[in-house]
Amino acid sequence: MVELHPDIEKVVLSEDQIAEIVAGLGAQITRDYADKNPLVICVLKGAAIVTADLVRQIKTPITMDFMAVSSYGDGTTSSGVVRILKDLDTRIEGRHVIIVEDILDSGLTLSYLIRLLKSRNPASVAVAAFLVKDLEDRESAVSPHYVGAHVPNEFLVGYGLDYAERYRNLPYIGVLKPECYL
Ligand code: PRP
Ligand code: MN
Ligand code: MG
């Protein structure tokens, strides 16, 4: 076990569990997208880590592109507005697109991105969400095609997920101690 960061209350997914989940997602995508040359879109910054791991588990040709959006800023609750900080470099018309996200929380980010990308006439749009928060009802209904794990409604950090830009480099997913954000 890695030594726990002092701000982390408990580990929700260990490094080994993450590796197993990502390998499984990669295997599914490999099967579903053989010969489709999908465009894998990493939603910066949170999805940077999972995307880097996931693409190496996809054993069929892909291309990659990056989009940067932000709705949380430095707070713990969504601002309700998705800001595009960087758009794609690639034209996606006729392409099979896979959006990779680190977490589906309120659904605002993904519903916004799906709507935006669909308006550019891709052949298909799928979502791979590494984590899906268990919420009673979600503001924006999004059903990801690929889900790594369902997680409790707690403040999670690590493996790309931040609080005020910190903790993204933790190799596991953990619950942040409340005193660190209150
Ligand atoms: C976080 C996370 C997802 C989104 C999920 O991004 O990485 O993109 O929020 O929340 P939602 O389902 O409620 O929209 P954030 O806006 O914090 O930007 P970041 O990826 O740069 O941390
Ligand atoms: Mn994000
Ligand atoms: Mg964030």
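Just so you know, these numbers come straight off a predicted model, no measurement behind them. (Residues numbered from 1 in each chain as written. Chains lettered and ligands numbered in written order. Predicted model: local features only at pLDDT ≥ 70, side-chain atom pairs only at ≥ 80, totals over all residues. Heavy atoms only, no water.)

Relative to the helices and strands, Asp65 is located in strand β3 (residues 63–70). One buried charged side chain, Asp65, makes no salt bridge at all; its nearest oppositely charged neighbour is Lys86, positioned 4.0 Å away. In contact with Asp65, other than residues within four places in its own chain, are Leu39, Val40, Ile41, Cys42, Lys86, Leu88, Asp89 and Thr90. (Helix = DSSP H or I, 4+ residues; strand = E, 2+ residues; numbered from the N terminus. Buried < 20%, exposed > 50% of the residue type's maximum accessible area, 1.4 Å probe, protein only. Lys, Arg positive; Asp, Glu negative; His and termini not counted. Salt bridge = Lys/Arg side-chain N within 4 Å of Asp/Glu carboxyl O. Contact = heavy atoms within 4.5 Å.)

A word on the pattern of salt bridges. Scanning all chains against the criterion turns up 10 salt bridges. The salt bridge involving Glu165 is made with Lys45; its shortest N-O contact spans 3.0 Å. Here Glu165, found in the loop between β8 (156–157) and β9 (173–176), pairs with Lys45, found in the loop between β2 (39–44) and α2 (48–55); they are 120 residues apart in sequence, far enough to count as distant. Residue class for Glu165 comes out partly exposed when judged on its relative accessible area of 39%.

Turning to α2, its buried residues number three or more, namely Val50, Thr51, Leu54 and Val55. Taken end-on, α2 shows its buried residues confined to a sector of 120°, consistent with a single buried face. Considering only its buried residues, α2 is in contact with α1 (15–32), β2, β3, β5 (96–104) and β6 (124–133). (Arc of directions from axis to C-beta.)

Taking strand neighbours across the sheet as the criterion, the three strands line up as β1-β9-β8 in an open arrangement whose pairing is antiparallel. Looking along the sheet, the strands with just one partner apiece sit at the ends: β1 (8–13) and β8. Relative to β9, β8 runs antiparallel, the two sharing two bridges. Note that in β9 the partner of Val157 across the bridge is Gly174. Most of the contacts of α1 go to β1, to which it runs at about 30°, and overall it touches β1 and β9. (Pairing = 2+ DSSP bridges. Axes fitted to C-alpha atoms, helices over the stretch in contact; angles between N-to-C directions.)

Our next topic: the nonpolar core. In terms of nonpolar packing, the biggest core is built from 29 residues, with Leu13, Phe130, Leu131, Leu156 and Ile173 touching the most fellow members. Looking at this core element by element, the count peaks at five residues for α1. The residues touching Leu131, leaving out its near neighbours within four places in the chain, are Leu13, Asp102, Ile103, Leu104, Ala149, Val151, Leu156, Leu161 and Ile173. Listed in part, the 21 residues of the second largest apolar core include Ile41, Leu104, Leu110 and Leu117. (Core = buried A, V, L, I, M, F, W, Y, C linked by side-chain atoms within 4.5 Å.)

If you trace the six strands from one edge of the open sheet to the other, you get β4-β3-β2-β5-β6-β7, paired in mixed fashion. The strands lining the two open edges of the sheet, one partner per strand, are β4 (83–86) and β7 (146–151). Neighbouring strand axes in the sheet, compared pairwise and without regard to direction, differ in orientation by 25° on average. Where β6 lies against β7, five bridges are found, and the strand directions are parallel. Across the sheet, residue Val132 finds its bridge partner in β7, namely His150. Where α1 meets the sheet, it contacts β5, β6 and β7, and its direction lies at approximately 155° from that of β7.

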